[in-house]
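Structural overview
One letter stands for each residue in the lines below.
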Amino acid sequence: MTGSRIDNLNIAVLLPCYNEAATIGAVVRGFKSALAGAPVHVYDNNSTDGTALHAMLAGAHVVRERRQGKGHVVRRMFADIDADVYIMADGDGTYSPEDAEELIRTLLTERADMVVGTRRGVHADAGRQGHAFGNKIFNMLYRTIFGTDFTDIFSGYRVFSRRFVKSFPAVSAGFEIETEMSVHASRLKLPVSELELDYGRRPEGSHSKLSTFKDGAKILWMFAMLMKETRPFAFFGIISGSFMLASMAFMAPVLMEYFQTGLVNRMPTWVLSMALMMISFMVFTAGLILDSVARSRSEQLRIFYLNVAARSNGSTTTERATAPHKKTARIA
């Protein structure tokens, strides 16, 4: 697929959408104006309010993804679209299309694989206090577990290189996909950057699809799963330590009684403490083994990333067969 060119790069705009009829038309027109000639792709996730029609009338290429969840949409977009630079934004109008060019220039000048448009004032404009508080807590948790590469892991405004997109596994189903992107970059030690941008409010009639507790629980579960996959020694070390502490708690009164009387009167408690200690040792051993496996997987992912071509070779198979050739334009 071809798009507008900066330094002879093909650029594609990707907009995952679910019930954004009130805003998607303006967002599509905004990107088509800001990036003249760049194709805008709207992936509609079973909307019931005419989102697909509004996007099509605004000039976007519209594809329907039946599996519900942003993660499914992103996985489909990354598989379908072939470009050198990918711009991903939300269709709710909270991100300014005029900032896209600066994000792309940052990607190119810093030779990064992902640039995240961090949201200025997100804690004040997150819609509900629960969202703002959760955003702050999860960002702190991310920096504690996975590193300090990012300050806003939930931003939906991102620019990617081809290498990032084509090496990203994308196994998440929902809004956890942004967290997975961040962990993927941190895990492979990819060059990334952040650019602080203004974060707008949703217009009247547009509503957030996030559920404070339901989506928060999903993200927390994703944190645990990603920690298990990328840092198994730390993950299983915590579990092993918990079993060891429980074992010592049951063991301590039995040992004190034994040293005082020379007898073990609470044999079931002693057996339980020994069983917990053995479980602790087994979990610790599993963590050691899986840590070596995780390192090997990271090395393989890194090699695959390096083998991905930095530039696209043209259109996707589907679009070569169905779409007429279009000339691309340059950004002034």
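**Focus on the overall build of the chain**
- Along the chain, the regular secondary structure elements total twelve helices and seven strands.
- The 332 residues of the chain split such that 47% are buried.
- Across the chain, the fraction of contacts at a sequence separation of at least 24, relative to all contacts at a separation of at least 6, is 77%.
- Roughly 16,800 Å² of accessible area belongs to the chain as shown, and the carbon and sulfur atoms make up 59% of that amount.

**A closer look at the packing of helix H3 (residues 70–80) against helix H8 (residues 177–187)**
- Look at H3 against H8: their axes get within 9 Å of each other, and the N-to-C directions meet at 55°. It follows that H3 is oblique to H8 by the angle criterion. Contacts from Lys70, Gly71, Val74 and Phe78 in H3 reach Ile177, Glu178 and Met181 in H8.

**Observations regarding the sheet that holds strand S2 (residues 40–44)**
- Spatial strand order, S3-S2-S1-S4-S6-S5-S7: seven strands in an open sheet with mixed pairing. For this open sheet the edge positions go to strand S3 (61–64) and strand S7 (192–198), each flanked by a neighbour on one side alone. The mean angle between the axes of side-by-side strands here comes to 20°, regardless of whether they run parallel or antiparallel.
- As paired strands, strand S4 (residues 85–88) and strand S6 (residues 158–161) are joined by four bridges and run antiparallel to one another. Note that in S6 the partner of Tyr86 across the bridge is Phe160.
- Sheet strands in contact with H3 are strand S1 (11–17), S2, S3, S4 and S6, and its direction is about 155° off that of S1.
- Across the sheet, H8 lies against S4, strand S5 (114–120), S6 and S7, angled at about 45° from S6, the strand it touches most.

**Describing the side chain of Ser172**
- With respect to the element layout, Ser172 can be found in the loop between helix H7 (162–167) and H8.
- Among the polar contacts made by the side chain of Ser172, one reaches the side chain of Glu180 at a distance of 2.5 Å.
- When neighbours within four sequence positions are excluded, Ser172 is seen to be in contact with Gly71, His72, Arg75, Ile177, Glu180 and Met222.

**What about the nonpolar core?**
- Residues Phe78, Phe160 and Met181 are the most contacted members of the largest nonpolar core, which totals 40 residues.
- It is helix H9 (residues 212–230) that provides the largest number of residues to this core, a total of five residues.
- Excluding anything up to four places from it in sequence, Phe78 contacts Leu14, Phe160, Val165, Lys166, Phe168 and Met181.
- Judged by nonpolar contacts, the second largest core, of 31 residues, contains Val13, Val40, Leu103 and Tyr199.

**Quick word on the confidence of the model for the chain**
- Mean pLDDT over the chain works out to 85, with 84% of the residues at or above the 70 mark.
- Low pLDDT, under 50, characterises residues 1–5; the predicted model gives this stretch 35 contacts beyond four residues in sequence or across chains.
- Every residue in residues 315–332 is under pLDDT 50, and counting partners more than four places away or in other chains gives 30 contacts.

**Notes on the environment of Ala112**
- As for its position among the elements, Ala112 is in the loop between helix H4 (100–109) and S5.
- Separated by 79 residues in sequence, Ala112 and Pro191 place their C-alpha atoms 4.7 Å apart.

**With respect to the pairing of S3**
- Relative to S3, S2 runs parallel, the two sharing four bridges. Directly across from Asp44, in S3, lies its bridge partner Arg64.
- What joins S2 to S3 is helix H2 (residues 51–57), and the crossover it makes is right-handed.

**As for the packing of aromatic side chains**
- As enumerated under the stated definition, the model contains 17 aromatic pairs in all.
- With a centroid separation of 5.9 Å and 90° between ring planes, the pair formed by Phe138 and Phe154 is classed as edge-to-face. In this pair, Phe138 is assigned in helix H6 (residues 129–145) and Phe154 in the loop between H6 and S6, connecting sequence segments 16 residues apart. Exposure class is identical for Phe138 and Phe154. Each is buried.

**Topic: the packing of helix H10 (residues 232–261) against helix H11 (residues 267–307)**
- Where H10 meets H11, the closest approach of the two axes is 8 Å, and the angle between their N-to-C directions is 165°. As far as their axial angle goes, H11 and H10 are roughly antiparallel. Our pair here, H10 against H11, has a crossing hand that is left-handed.
- Considered class by class, the residues forming the contact of H10 with H11 number 24 nonpolar, six polar and one charged.

The rules behind the values
Residues numbered from 1 in each chain as written. Predicted model: local features only at pLDDT ≥ 70, side-chain atom pairs only at ≥ 80, totals over all residues. Heavy atoms only, no water. Helix = DSSP H or I, 4+ residues; strand = E, 2+ residues; numbered from the N terminus. Buried < 20%, exposed > 50% of the residue type's maximum accessible area, 1.4 Å probe, protein only. Contact = heavy atoms within 4.5 Å. Areas by Shrake-Rupley, 256 points an atom, 1.4 Å probe, with all protein chains shown as cover. Axes fitted to C-alpha atoms, helices over the stretch in contact; angles between N-to-C directions. Parallel < 35°, antiparallel > 145°, perpendicular 65-115°, else oblique. Pairing = 2+ DSSP bridges. Polar contact = N/O pair within 3.5 Å; in protein donor to acceptor, adjacent residues only side chain to side chain. Core = buried A, V, L, I, M, F, W, Y, C linked by side-chain atoms within 4.5 Å. pLDDT = per-residue confidence, 0-100. Right-handed = clockwise from strand over helix to strand, strands pointing away. Phe/Tyr/Trp six-rings, centres within 6.5 Å; stacked < 30°, edge-to-face > 60°. Left-handed = near helix turned anticlockwise from the far one by under 90°. Nonpolar A, V, L, I, M, F, W, Y, C, P; charged D, E, K, R; others polar.

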